[in-house]
Amino acid sequence: AHGVPREWPEEVLTELVDLPDGVHEREVHGRVDLRALDFLTIDGEDARDFDDAVYCEPRRGGGWRLLVAIADVSHYVRPGTALDVTALERGNSVYLPSTVVPMLPEQLSNDLCSLRPKVDRLCIVCEMTVSARGRVGSYRFFEGVLNSSARLTYNRVARLIEHGADAVRKDDPELARMAPRISALHDLFGALIE
């Protein structure tokens, strides 16, 4: 009714054929390797694309080290390509009650540029140090590669924060295993809103 485009131009479909089926080691060269860190995605229950992930740990002298990663769309969508032009025309994804009309084809939005758990994904990262009082100190941006440890939901995280790791360990061991990361994030959240 509002002219939201649902079909992809033929030029876009042609460019999709040349996209890789995953992250290959040659693409990782020159990036910071973050695959050993427990990055988490935290989204709504019915989310299908996971374009951001977080990692947080307490610092020895107080405060936190926080890494916020977003999928590196620019690695796959080059300026001036049909993918780029079409994404620019669309501007954003459109969320309707029964469907989503994505800004990028599903091969990108739900796969290569989705920080799904247990698969390598290219990303752009902002690494920050945050003081115990919630002040951002140093920060830097860089290209990285991560392998998200878990796809969490707001409800699961809220349950862990409310009841603790021991209470969820039996029926949700993955969530209990992520308790140190979630605890650090929650403590950081507390410092930021004070």
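Data block above holds the structure.
First, a word on scope: everything that follows refers to the structure included in this document. (Residues numbered from 1 in each chain as written. Predicted model: local features only at pLDDT ≥ 70, side-chain atom pairs only at ≥ 80, totals over all residues. Heavy atoms only, no water.)

## Observations regarding the layout of surface pockets
Rolled over the atoms, a probe sized like a water molecule indicates the empty space that remains.
Stage number 1. By volume, the largest pocket is sized at about 330 Å³.
Stage number 2. Here the element with the most residues in the lining of the largest pocket is helix 4 (residues 106-112); it accounts for three residues.
Stage number 3. Here the residues of the lining of the largest pocket are counted per class, giving six nonpolar, five polar and four charged. (1 Å grid on protein atoms, 1.4 Å probe; cavity = no way out; pocket = protein on both sides within 12 Å on 5 of 7 lines; lining within 4 Å. Points joined across faces, edges and corners; volume = space filled by probe spheres on them. Helix = DSSP H or I, 4+ residues; strand = E, 2+ residues; numbered from the N terminus. Nonpolar A, V, L, I, M, F, W, Y, C, P; charged D, E, K, R; others polar.)

## Looking at the environment of Arg 151
Stage number 1. By the secondary structure assignment, Arg 151 is in strand 9 (residues 150-153).
Stage number 2. Residues Arg 151 and Arg 65, 86 residues apart in the sequence, show an inter-C-alpha distance of 21 Å.
Stage number 3. Here the side chain of Arg 151 touches Glu 45 through a polar contact of 3.3 Å, landing on its backbone oxygen. (Polar contact = N/O pair within 3.5 Å; in protein donor to acceptor, adjacent residues only side chain to side chain.)

## Quick look at the packing of aromatic side chains
Stage number 1. On inspection of all chains with the given rule, the structure shows two aromatic pairs.
Stage number 2. Their ring planes at 40 degrees and their centres at 5.9 Å tell us that Phe 39 and Tyr 55 sit as a pair that is tilted. Taken together, the residues span a long stretch of sequence, with Phe 39 in the loop between strand 1 (32-33) and strand 2 (40-43) and Tyr 55 in strand 3 (residues 52-58) at a distance of 16 residues. When sorted by exposure, Phe 39 lands in the same class as Tyr 55, which is buried. (Phe/Tyr/Trp six-rings, centres within 6.5 Å; stacked < 30°, edge-to-face > 60°. Buried < 20%, exposed > 50% of the residue type's maximum accessible area, 1.4 Å probe, protein only.)

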